[in-house]
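# Architecture at a glance
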Amino acid sequence: MYVELHARSAFSFLEGASLPEHLIASGAKFEMPVMALLDRDGVYGAPRFHMAAKKAGMKARVGAEVSCKFPAGGSAGLRGQFRLPLLVSDRSGYQNLCRLITRMKLRAPKGEGAVRFEELQEHAGGLVCLTGGDEGPLAAALAGGGMEAARGCIQQLKNVFGESCVYVELQRHFRREQETRNRAAMAIASSFRLPLLATNGVCYATAAERELCDVFTAIRHHRTLATAGRLLSRNSERHLKSPKQMQELFADLPEAVANTLELSSRLEFTLEDLGYEFPRYPVPVGETMMSFLRERTWEGFEGRYGRAAEGLRGRARSQIERELKLIEKLELSGYFLIVWDLVRFCREQSILVQGRGSAANSAVCYSLGITAVDPVGMDLLFERFLSEERGEWPDIDLDLPSGDQRERVIQYLYQRYGERGAAMTANVITYRSRMAAREMGKALGFDAETLEKVSDAVSNWEYRDAKDAFDYRFRDAGLDLRHPRLRKYFELCVAVQDLPRHLGQHSGGMVICQGRLDTVVPLEPASMPGRVVVQWDKEDCADLGIIKVDLLGLGMMAVLEDSLKIIRTDYGEEVELAHLPADDPAVYSALQKADTIGMFQIESRAQMSCLPRLQPRNFYDIVVQVAIIRPGPIVGQMVNPYLQRRMGREQVMYPHPSLEPVLARTLGVPLFQEQLLRIAMVAASFTGGEAEELRRAMGFKRSQARMKEIEAKLRSGMERNGLTQAAQEQIITAITSFALYGFPESHAASFALIAYASAYLKCHYLAAFTAALLNNQPMGFYRPATIVKDAQRHGLKVLRIDVLKSGWDCTLETVSRIAGAQGETTASAGLALRMGLRYVRGLREETAQTIVKQRQLGRFVSIYDLVHRVPGLRKDELNKLAEIGGLNSLAADRRDALWQVGRAIHDPGPLLAELPVPEDRSPLLPMDGEERLVADFRGTGLTVEPHPTAYHRARMQAMGIHPASELSRLRNGQHLRIGGCVIARQRPGTAKGFVFLSLEDETGVANAIITPDLFEKNRRLITCEQFLVVEGALQNQDNVISVKAERILPLSITRAPAESHDFH
Amino acid sequence: MPYACIFVPDFPVEAWLRAEPELRGQAVAVLEGKAPLQRIVATNENARGAGIRLGMTRLQAETGGGVVLRVRSAQQEAAAHAALLDCAQSFSPRVEDTSDDTVLLDVAGLEALFGPLSRMARTMAQRTAQLGLVAQVAVAANPDAAALAARGFSGVTVISEGKEAEELGRLPLEALFTNRQAEAEQFLETLERWGIRNLRELAALPEAPLSGRLGQEGLHLQQLARGATMRPLVPAEELLVFEEGIELEYPLVLLEPLAFLLARLLEQVCARVGARARVIQELRLELELENGRRERGQNIFQRRLRLPVPLLDAKVFLKLLQLDLQAHPPGAPIVKIHLAAEPARPRAAQSGLFQPALPEPEKLELTLARIARVVGEDKVGSPELCDTHRPESFQLRRFVPGDSEAETKSVSQSRSLVTASRIFRPPWIAAVTVQDGKPMHIDCPRRKEVSGKVLWASGPWRSSGDWWEQEGWSHEQWDVALQQGDGIVLYRLVRDLLRGKWFVEGAYD
């Protein structure tokens, strides 16, 4: 029998071409009981390898190829640069390996670290060393100094790792020079009485993947395949070979094969035995962590439920008791205290924070101030958060304002738990269409222009029909797949999909550890200074039971925080999010009209098309609204039944009477993950553990296969419980489609709170909210241009950028008169929004800040004065400012400003500097409306002047184009035309190829639905034109208005480069 | 001082249309680049009308249908350019070779010869058309104005003196820039920002403030826009063009009389080149063959001799041309001979006292040419190993004496092999019986002695590569021992895995 103990996966980043799962699958096919993964300088792929092996009934051994660089004059034998293959035999060995890699990684720039000899000596315990293949120490010694050096090398390894922990490795890839080396290795092994070990130095699972491995080699060396020459592999033999093949290959050395099993039996360590421990929270003397948590919880209880009705108080009290008992039993008090401590830090620092996800199901979390949703009042399922059966850490995610505030919280964690005690989780960057097209093409030697074209063509529509496949994209880019070279390009692009490219940093996941995290997983420096990253992503961490706190930056949290600041300074009012009126009529009125641009989670086209039908009337309706427009409920066909039942057009029914308590609040339609779990427990008699398995399958990316297995279990359970076939199908559809993505109720409730807050601020403090929204772009569904136009339609006066008045951010100004546009007058009357300098494209922030600082010292009197006092202003920045009207206060008009800028930027030199500034009148004609539009869009991406279509309404009317605001007054089915600027193009994965266009004109936004056929005929027009006319039948169903397109025409309005938000 | 300008729009297309006039009237586009990634670099009006845009790929252009595609030809363009110059020089002795598609002529005093300026311009357009090129011709009081007008206005334009600004004013700003380099883009951007769209608006700007903003270059552009620049013509340097030709009264069939004529032409060329203290770097021979029409560019037989060392020896040239023509016979009777020589400065070289004597360059060239005639041009030179695993892959580099030293050194540094082997070229095809994946019996039809039972075999040694090319390869090598008489001989056996064939590639000593 043979087992493979030296294999690399694609997690060796450009040195291996198969995923760990793929290697395990191949090993399982060959009935190997054990395999070891030795990736380069890390254990990146180990968790996935481990999980896959566990599933396949195999054992996964851990190890790594560690880069070493020893000075030439150093210890005899081990010299030069090589990769040392190390296998972990016990937990101390694993800890040594992690520390060794961490030390090497943290001191060197990314990808350049190497281990030193003394470090190797220090961390050799519990590790077994192999002598390696082409890049191993033996090959390096033989090449550098022949047999004598090779003997010295092996002697050194024996000294470092001990006699019993060195194996002389033999690989046979059908290469002559390798056999020469093998002979030398055998001679040395025999003279040192060391065991031989056969391995295949695997780099890919199957021979066919050698091509990808060659491409990776070319990419790694910044060459093309044609110029990589002998850097490429000589043949395709480094694939996983069957025990039979290996026995034949080493027929002359049966002991080398037999030793693989012997060695494998010595390796006891697996990732099950990680030894991870969550940090303990320091408590005052005389307290335990649990007693301290109890006190904090009951303190919080008073604040949260102190004024609640007695019934609720009672229920809350008993729920908290129950939760605390479980927390005590599971010894999780430290974890809760650490999160509580983080939240406390945020509050002290006035940083908005809100827990999301399943933590919102916990009354303890609510009492501790971690979450903002009352789980008792909303009757949320605590078991979704924490259950005794699960035996895994609960998941607490904290939403923080994106940007600096979040960074402060991260730094607080680092300071508190030390550099080696806390780290960010990794984010594995994998090959997706665009990167694949670019890098594969580069390796094949295609020119930059072609690569640009292909990677542009491989864009990201969510939905892909047969014609949207990769090969059609190639054709779109003008490449003929009949050409063999292009065909190969295409094949490589497909093959490389989803393989890891490099390690990034997850935006918010942090892991912390009692003691040293670098004994649990190797740490690496992140590209951001001061940051450390673990080698695993958050799913790997979860798989291995490592607890993490997600500190997620949420743009809307930053908007809310900024809005509150602006309200405080400009309105002189103090608004607290925790005490917003619960049932504000203005908010629900806006929601019911789908007037939600800029509001959190409910602003997308799909949400807007649901709001008028759902007609939210209370907070729970918003929770439903947030949850319902998700791929899970949409594909599971739950949206329509829910809406129909809500409107009383359909009877409320349950798949089975036993499910009534589970589904009553959502009218018999499952909308939340918790409901699906309960259904499984009630209808199919799932145990808590099985339900948990289902939950994880629904929550993970890698879940398709898992769902299939669970489906079978569900069917048999429901069969036993006597559910009808139809009911079974309904439940299966609901549950399997949730694998696509659906919200837990608690998560939806947390988001609904933020959605409500954003709606409230927009309705009552439009100016402040819009300013904050514009200051935190990019975020949300719409471009700033649309946000500005929407605010203007709501009566907000928006003032252009002015170098005498604008700050870097958008700010508010008091104006004497509000020029009201159509729409209601809001509380913002008297306040106008001044666009900030951040919207001047190409203007650097430091320059803008200098302008503001100089302005505070004294008003600029002319453009010459500005240039003189802000010498850092570049020519292009000044031109841009002039072009967009930002210098109009210092000149007659934009052209005059441009004319003056042209002169002012020429340094007259010291001799003429004191001469009076020449005054020459601008001979240039002022810009006309169209020119101003073009300049505005080109320079700022938006205009505060009338919408481009406003200038052409008469012509559009003559063309039969109806304004967007008129559509609600027209009858359903009427044949008409709409037209305007395309602000969003969508082809959702759930919509079977239909395309949705949002067209904005001066009166509002109109929606068009395009069938796949029509899209195919007009693909270029729809994807490229900025202004379109859509002709078709008006659909007005329950005030959801759209036009079902029959014909698409271009609309000539302006040359201004308006932008849309595409491909969501 | 009137000047005329002849401008050929869409020059790369026109160069092709000159060769294939039957395509005129059709949509024609010219591609450039290496297949399969060629892109459109020029189109004619019809092609633009058919939606063909610059930068499109061949596939995109073909998708539209109805467009004739040609690959850009430097030769055609050079010929077209020469024709353009020919045309210009047939009118005036002072001709500026402004660019491939543009020539400027000083036409002062030529009215007496060609009539009034407007008629002269029309004649120029007609004559250019006779040479197969459709041109735009303009006459103005200064060269730049003439060039601007020719580029900007179709047909024939005559601008009276003093009316330049008025006439040119209609042109868009882009007309000022013949190529869109970064600097040009910057000017255009600034002017566009100012709302200046045509030359009239640029011309109207006040001079001093303009110079304060755009500097001297800006002022120059304004002068151009006003048609008010005056610069001396830079006449094409005719003297360094060494071309000779003979139009034959009767077609030549044999190479011998051709050699006689060539000798005469070469003598003349060498004499002229020598008088200018130059030597010849390159010789271009153009033979027009019987029944060929020059305009069509077909049936023109061209040969080019690029010499690694410039020479001036008519006899050597003649011998080289003879060898070349023997290797590449024209294939049809010759009606016209055209010979052009590219001059170069003579080399100054002094041999080192201790350096080994090298062959004389003239003799070396002759020898190489002789070998090339026998084995083919691509099979002469110094072999150089390619950086690939492909066995025995090499390429030929042009042989340059003196390079061998470094190579010898590197060979001597490489470690010696234990066993010497001799390689059979070409390898011998063999029939091999395989058992358990190993060769058991060999039968080599070409060499009966290389047949028999394999006593023992070592291998396989596998190599494969170039899988991304059409010519990928995958080999398996075996070292086998065969009984031969009393002794045992070791052979190297190769199996081509893609073609499934066996070869005996060599033997070990």
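Parameters at a glance
- Residues numbered from 1 in each chain as written.
- Chains lettered and ligands numbered in written order.
- Predicted model: local features only at pLDDT ≥ 70, side-chain atom pairs only at ≥ 80, totals over all residues.
- Heavy atoms only, no water.
- Patch = residues over 30% accessible without salt bridge, like charges linked within 9 Å, V, L, I, M, F, W, Y side chains within 5 Å.
- Areas by Shrake-Rupley, 256 points an atom, 1.4 Å probe, with all protein chains shown as cover.
- Salt bridge = Lys/Arg side-chain N within 4 Å of Asp/Glu carboxyl O.
- Helix = DSSP H or I, 4+ residues; strand = E, 2+ residues; numbered from the N terminus.
- Buried < 20%, exposed > 50% of the residue type's maximum accessible area, 1.4 Å probe, protein only.
- Phe/Tyr/Trp six-rings, centres within 6.5 Å; stacked < 30°, edge-to-face > 60°.
- Lys NZ or Arg CZ within 6 Å of the ring centre and 35° of its normal.
- Pairing = 2+ DSSP bridges.
- Axes fitted to C-alpha atoms, helices over the stretch in contact; angles between N-to-C directions.
- Contact = heavy atoms within 4.5 Å.
- Buried area = accessible area lost by both parts, 1.4 Å probe.
- Polar contact = N/O pair within 3.5 Å; in protein donor to acceptor, adjacent residues only side chain to side chain.

### Re a nonpolar patch on the surface
All names here are of chain B. Residues Leu455, Trp456, Ile488 and Leu490 make up a contiguous nonpolar surface patch of about 370 Å² in total accessible area. Listed by contribution, the elements that provide at least two residues to the nonpolar patch are β17 (451-465) and β19 (487-496). As for its placement among the helices and strands, Trp456 is situated in strand β17.

### Structural notes on the pattern of salt bridges
Residue and element names in this part refer to chain A. One pass over the full model with this rule turns up 103 salt bridges over all chains. Here Glu65 makes a salt bridge to Arg8, at a shortest N to O gap of 3.1 Å. Residue Glu65 is found in strand β3 (residues 59-70), and its partner Arg8 is found in the loop between β1 (4-7) and α1 (20-29); the two are separated by 57 residues along the sequence. Residue Glu65 shares its accessibility class with Arg8, and that shared class is buried. With a closest N to O distance of 2.8 Å, Glu15 and Arg40 form a salt bridge. Placement of Glu15 in the loop between β1 and α1 and of Arg40 in strand β2 (residues 34-40) is noted, with a sequence separation of 25 residues between them. A relative accessible area of 5% places Glu15 in the buried class. For Arg40, a relative accessible area of 19% puts it in the buried group.

### Digging into the packing of aromatic side chains
Per the counting criterion, the structure on display carries 29 aromatic pairs over all chains. Their ring planes at 80° and their centres at 5.5 Å tell us that A:Phe70 and A:Phe82 sit as a pair that is edge-to-face. A residue pair is termed long-range when its members are at least 10 positions apart, and A:Phe70 in strand β3 and A:Phe82 in strand β4 (residues 80-88) qualify at 12 residues. In this structure A:Phe70 comes out as buried when scored by relative accessible area, which is 4%. Centre to centre, the rings of A:Phe292 and A:Trp340 are 6.0 Å apart; their planes meet at 80°, and the pair counts as edge-to-face. Of the two residues, A:Phe292 is situated in helix α11 (residues 289-305) and A:Trp340 in helix α13 (residues 333-348); the sequence distance between them amounts to 48 residues. By relative accessible area, which is 10% here, A:Phe292 ends up buried. A cation over a ring is seen here: B:Arg213 above A:Trp899, with NZ or CZ 4.1 Å from the ring centre.

### Examining the sheet that holds β3(A)
One key point about sheets: their strands pair by backbone hydrogen bonds, in either a parallel or an antiparallel sense. Residue and element names in this part refer to chain A. If you walk across this open sheet you meet the seven strands as β1-β2-β3-β4-β5-β6-β7, and the pairing is mixed. At either margin of the open sheet sits one strand with a lone partner, and together these are β1 and β7 (196-198). Looking at each pair of strands side by side, their axes are set apart by 35° on average, direction ignored. Judged from the three bridges that link them, β4 and strand β5 (residues 127-130) form a sheet pairing that is antiparallel. Its bridge partner being in β5, Leu86 is matched across the sheet by Cys129. Strand contacts of helix α3 (residues 91-107): β3, β4 and β5, with the helix running at about 40° to β3, the strand carrying the most contacts.

### Re the interface of chain B and chain A
Each side of the interface is counted separately: chain B has 37 residues, and chain A has 55 residues. Across the interface of chain B and chain A, roughly 4000 Å² is buried in total on both sides, 54% from carbon and sulfur atoms. On the chain B side of the contact with chain A, B:Arg213, B:Trp467 and B:Trp468 bury the most area, a combined 22% of that side's loss. Measuring nitrogen to oxygen at the nearest pair gives 2.8 Å for the salt bridge that ties B:Asp387 to A:Arg230. Our enumeration of links across chain B and chain A arrives at 17 residue pairs in polar contact (both at pLDDT 80 or more). Secondary-structure elements contributing two or more residues to the side of chain B that touches chain A are α3 (58-64), α9 (182-193), α11 (207-226), β17 and β18 (473-484) of chain B.

### A few points about the environment of B:Arg94
All names here are of chain B. Looking at where Arg94 falls in the secondary structure, it is placed in the loop between α4 (74-89) and β5 (95-99). Classification of Arg94 as partly exposed rests on a relative accessible area of 34%. Between the alpha carbons of Arg94 and Pro235 there is a distance of 5.5 Å; along the sequence they are 141 residues apart. Within the local environment of Arg94, its side chain forms a polar contact with the side chain of Asp106, the two groups lying 2.9 Å apart.

### Considerations on the sheet that holds strand β12 (residues 523-525) of chain A
All names here are of chain A. Across the sheet, seven strands lie side by side as β8-β9-β14-β11-β10-β13-β12; this open sheet has mixed pairing. Only two strands of the sheet have a single neighbouring strand rather than two, namely β8 (354-356) and β12. When strand polarity is set aside, the average angle formed by the axes of neighbouring strands in this sheet is 50°. Where strand β11 (residues 500-512) lies against strand β14 (residues 548-554), three bridges are found, and the strand directions are antiparallel. Note that in β14 the partner of Gly509 across the bridge is Asp550. Across the sheet, α3 touches β12 and β13 (532-537), and the angle it forms with β12 is around 5°.

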